[in-house]
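# Per-entry structural report
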Amino acid sequence: MSKKNNKKILKSALILTRSPNKLDNGLSNKNDSLAKTLNNFSNLDIYIIDNSTVPFEKYSCNYFHYRTRLKDFFFSIREVILFRLPLQNLFYIHKNLQNDLLARNYDLIIFSLPRAISIKTIRKLKKKNTRVILDLADKMSASYKSISKAEKNIFKKIAYLIESSRLDFFEKKYLNLFDQVFMFNSNEVDSLLSYGNILQVRHGANFRSKTNFQIKSLEKNINFMFLGKLNYLPNEQGLKFLIKEVWPLIDKKNVLNIIGSDLNNSIIKEISGIENIIYHGFIDNLENFSHKVVCNLAPIFSGGGIQNKLIDSLSLKIPTITTKKALSAFDSETQKIFYLAETKKDWIEIINNFEKYYYKFSANNLDEILKKFDWKLYQKDVRKNIEHLFEEH
């Protein structure tokens, strides 16, 4: 179904609440892959709702950029209350966007995540025979519920629990409004099958190392890495666990390198002066830095879906210590390549005696496992699902 000969999908729209971006090494993330797929076989309009100063413009299509405004909060709040929508929809149910979607007569509209969705608009679009897809990615209600359980601040705990309840209502009440819903985790797909046309799509890797895995000689200082967006609560919880509970009992030769943006100032102050903990911030060329690292640390105790950081560490050919919670989304073959640590004692044991574990690391099937994680496979799945949707009609 090419753009030239396609007579069914004449016009499509992609709704994003953050700009699609291309990573420094040339590989694409999910939103970029979604935009690329639609642009290949339809006349695409991209709608972006965020407060960035410069709209993202990359594909040969139309761009419509909406910034969140106070008056959109008042417009959103009516729908949030009336339809019991997630609180994150506040500000994002943009009045002008809803009017434009109805006026421009699209054949297909894809929403990336639920937060820009107006139930009134979806129902009107369905009456106009517009196909509507939700790229949900993860079961957000379960993710927020697990974050609430792990959160120690009572006010944040209650807030996440309330949002989990509202997301659960959205998933059970409104997923059937969409022609298709895309998700990554097979277990989460199965749990929602009775509530809509839920389809599994494959996940990609944001990095791809050009070198083969090689055992490094372990020098006097052994470099470990914690990688992730540091204002994402599951990452913040995992990092605090390492800093407060694990690292005080770790040999000084083991160095924790923290990589990522938006680290909380209180944590920066806490680690200042600790010799074997270094905060690097965001690193442009992660592959170059990864050559200095022997192991990635991913203590994940909350959240859901598929953990990007685990796929990224595999792609960078770095062994990883993680938890059962983080591995639950992967098949048994992929799980075997990770070191498993469930308790504080496990983490301390593996890190302090890493030489013993490191030399047993087997990368024999690493390249085969990595073939499963490719954004081209995601694009293939999305295109196949859309073609099937239009064949049905």
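Above this note sits the structure.
Everything in this summary refers to the structure shown in the same document. Remember, predicted model here, so these are calculated numbers, not experimental data.

### Describing the sheet that holds strand β2 (residues 43-49)
Read across the sheet, seven strands follow the order β3-β2-β1-β4-β5-β6-β7 without closing on themselves; strand pairing throughout is parallel. Every other strand in the sheet has two partners, leaving β3 (62-66) and β7 (198-200) as the edge strands with one partner each. Here the strands of the sheet are splayed against their neighbours by 20° on average, with no regard to which way each runs. With five bridges joining them, β2 and β3 adopt parallel strand pairing. Residue tyrosine 47 lies in a different strand from β3, and its bridge partner there is phenylalanine 64.

### Notes on the environment of isoleucine 77
Structurally, the position occupied by isoleucine 77 is in helix α2 (residues 70-82). A relative accessible area of 28% places isoleucine 77 in the partly exposed class. Along the backbone, isoleucine 77 and leucine 90 are 13 residues apart, and their C-alpha atoms lie at a distance of 6.1 Å.

### Some thoughts on the pairing of strand β1 (residues 11-16)
Buried residues dominate β1, accounting for five of its six residues. Note: β1 against β2, six bridges, orientation parallel. Residue pairing for β2: alanine 13 is matched across the bridge by aspartate 45. By the bridge criterion, four bridges tie β1 to strand β4 (residues 108-112) in an arrangement that is parallel. Bridge pairing in β4 places serine 12 opposite leucine 108.

Conventions we followed
Residues numbered from 1 in each chain as written. Predicted model: local features only at pLDDT ≥ 70, side-chain atom pairs only at ≥ 80, totals over all residues. Heavy atoms only, no water. Pairing = 2+ DSSP bridges. Helix = DSSP H or I, 4+ residues; strand = E, 2+ residues; numbered from the N terminus. Axes fitted to C-alpha atoms, helices over the stretch in contact; angles between N-to-C directions. Buried < 20%, exposed > 50% of the residue type's maximum accessible area, 1.4 Å probe, protein only.

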